[in-house]
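What follows is the residue order along each chain.
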Amino acid sequence: MFAAGVVLFVPFSQLALGVNYDYTLRTVALGGALLGVVSGVLGSFAVLRRESLIGDALSHAALPGVGIAFLIAGRSLGVLLIGAAIASWLGVRFINALTRTTRIKQDTAMGIVLAAWFALGIALLTYIQSLPNASQAGLDKFIFGQAAAIVESDVQLIAVVGAISFVVLGLFWKEFKLITFDFEFAAANGFRVGFLGALLSTLIVVAIVLGLQLAGVILMVGMLIAPGIAARQWTHKLGQMVLLSGVFGAFAGGVGAILSALDVDLPTGPMIIVVAFAVVLLSLAVAPDRGLLWTSLQRRSDARRFAAINTLNDIYRYAEAHGGVNHTVPSDIVIGVRGRSGIAGLRALTQDGMIVRTEDGWRLTDAGADTAGRQAESLRLWDVYRTFGEALDLPAVPEDRLRDIRDVLSPDDIEALVWASAEDKR
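Residues numbered from 1 in each chain as written. Predicted model: local features only at pLDDT ≥ 70, side-chain atom pairs only at ≥ 80, totals over all residues. Heavy atoms only, no water.

Draft legend 1. The overall build of the protein, seen in detail. Check the secondary structure of the protein and you find 17 helices and two strands. The globule rule puts the C-alpha radius of gyration for 426 residues at 22 Å, and the 31 Å found for the protein is more than 25% above it. Projected onto its principal axes, the C-alpha positions of the protein cover 100 × 60 × 35 Å. Taken across its 426 residues, the protein has 44% of its residues classed as buried. Residue pairs in contact within the protein that sit at least 24 positions apart in sequence constitute 68% of those at least 6 positions apart. When the accessible surface of the protein is summed, it comes to about 21500 Å², and 61% of that surface belongs to carbon and sulfur atoms. Within the protein, the 35 negative side-chain charges are centred at a point lying 5 Å from the centre of the 33 positive side-chain charges. (Helix = DSSP H or I, 4+ residues; strand = E, 2+ residues; numbered from the N terminus. Rg over C-alpha atoms; globule rule 2.2 N^0.38 Å. Buried < 20%, exposed > 50% of the residue type's maximum accessible area, 1.4 Å probe, protein only. Contact = heavy atoms within 4.5 Å. Areas by Shrake-Rupley, 256 points an atom, 1.4 Å probe, with all protein chains shown as cover. Lys, Arg positive; Asp, Glu negative; His and termini not counted. Charge placed at Lys NZ, Arg CZ, Asp CG, Glu CD.)

Dropping the structure here:
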């Protein structure tokens, strides 16, 4: 759906918004989309391991590496990125060392690295800006990113390094999956969890470093975690989540770059993050099972079903106690017992054809009487199950009295309950 949205957005932006796809925009949009794929795929593991803050810490930790690399080797983009990668990787090792050798929690260790490394980076950049050398101009763009400076060779670098990262991810897919969902089980079964964790963190560092020029150290964490958070709302399977996260990241990177071209004053990096979090908000709202809209509809459906079941039981029991299932039940009785839930139950049962309105109240239809009879029998068997289930060696199941027990237990188990009920009455 989102991939189709990107394809449709391009002609729409040309015709309706007047976007001119010149060389710069094509390069930035392609670079943003590729970076979105890489950061989305690798960031999924940070989201699942509840290490979203590590992306923020490592992106900030990259800044002193940029400054030190400049002082040592000058202003070569490759050298600056290598310096950023080394600084981020050292940040990872420092966080791990703190949590392993002290009582400091991981979030505290990440906060220490984030603040200390970033402060050192700012101090270095300030010192570099004071040097009598023109080559340091624009070095501070690594803080917020400078997408307009991306050229074709940068896009190729993102594609090649991203492809290598995906190869490593594929080779260690099973191991990464295991340490992501059950770290202790992996360690107990002899997996080299220390090495695997360091390797996975290294891949995340690679994604962060690739995005420094486009999004900067402050906003890069958004590209890393936003696609993963959005994808998590749509699926429970790791493979699907990683794929969706890559698609969402590409959508955010490409569309954000195109939207920034609508006005010369719109920065590309922030626009990409804005689009990424728009995707997050959309996913939080409409994704099935986890989306707020879906949850609200499901709650309304459950409330309607529960009200109908309880009201039907009330009507059935009252009618049985006053002459049979065809006896009319006064409205005051139903509403007096259940209140607003009773009103909702009467409305739902009427729509489902379970009851009809009469001059004196409500009466069960044939379908309603049959359904109510089955519900009453199910409730009675639930009572028998609670009393004799263990003695009859029946399987332990959660007692859900709103479900028909015949849908929970096997026919042989139900027959045992009926027999126990008959014996108990003797």
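Draft legend 2. Here's a closer look at helix α15 (residues 340-351). Here α15 is 12 residues long and its end C-alpha atoms lie 17 Å apart, about the 16 Å a rise of 1.5 Å per residue gives. Check the buried side of α15 and you find it contacts α13 (292-321), α14 (331-338), β1 (355-357) and β2 (362-364). Within two residues after α15, Gly 353 carries a phi angle of roughly 75°, on the positive side. (Expected span 1.5 Å × (residues − 1).)

Draft legend 3. Looking closely at the environment of Met 271. Here Met 271 is to be found in helix α12 (residues 268-286). For the pair formed by Met 271 and Gly 253, sequence separation is 18 residues and the distance between their alpha carbons is 8.7 Å. With sequence-adjacent residues up to four places away left out, Met 271 is seen in contact with Gly 256, Leu 259, Ser 260 and Leu 266.

Draft legend 4. Broad picture of unusual backbone geometry. Notably, Asp 393 is not glycine yet its phi reads approximately 60°, a positive angle. Here Asp 393 shows up in the loop between α16 (366-388) and α17 (411-425).

Draft legend 5. Main features of the packing of helix α2 (residues 23-48) against helix α10 (residues 193-232). Packing of α2 against α10 leaves a shortest axis separation of 5 Å and a crossing angle of 60°. If you check the angle between α2 and α10, you find them oblique. In this structure, α2 crosses over α10, and the sense of that crossing is right-handed. Residues that form the contact of α2 with α10 fall into these classes: 20 nonpolar, nine polar and one charged. (Axes fitted to C-alpha atoms, helices over the stretch in contact; angles between N-to-C directions. Parallel < 35°, antiparallel > 145°, perpendicular 65-115°, else oblique. Left-handed = near helix turned anticlockwise from the far one by under 90°. Nonpolar A, V, L, I, M, F, W, Y, C, P; charged D, E, K, R; others polar.)

Draft legend 6. Inspection of the pattern of salt bridges at higher detail. Overall, the coordinates contain seven salt bridges when judged by the stated rule. Asp 314 serves as the salt-bridge partner of Arg 317, at 3.0 Å between the closest nitrogen and oxygen. Here Arg 317 pairs with Asp 314, and both are found in helix α13, just three residues apart, close to one helical turn. For the salt bridge of Asp 404 with Arg 406, the shortest nitrogen-to-oxygen distance reads 2.9 Å. Exposure remark for Arg 406: the relative accessible area of 27% places this residue in the partly exposed category. Residues joined by salt bridges that share partners form a network here, namely Asp 314, Arg 317 and Arg 338. (Salt bridge = Lys/Arg side-chain N within 4 Å of Asp/Glu carboxyl O.)

Draft legend 7. Seen up close, the environment of Leu 219. Inspection of the secondary structure assignment puts Leu 219 in helix α10. Residue classification places Leu 219 among the partly exposed positions, given a relative accessible area of 22%. Excluding residues that lie within four positions of it along the chain, Leu 219 makes contacts with Gly 269, Pro 270 and Ile 273.

Draft legend 8. Examining the side chain of Ser 283 more closely. With respect to the helices and strands, Ser 283 occurs in helix α12. Excluding residues within four positions of it along the chain, Ser 283 makes contact with Ala 230, Gln 233, Trp 234, Phe 248 and Gly 291.

Draft legend 9. Quick look at helix α8 (residues 173-181). Among all positions in α8, only Glu 175, Phe 176, Ile 179 and Thr 180 are buried. Summarising the axial view, the buried residues of α8 lie within an arc of 130°, below the 170-degree limit, and thus occupy one face. In α8, those exposed residues whose orientation departs by more than 90 degrees from the buried face are Lys 174 and Phe 181. Among the structural elements, α2, α7 (152-171), α9 (183-188) and α10 are those in contact with the buried residues of α8. (Arc of directions from axis to C-beta.)

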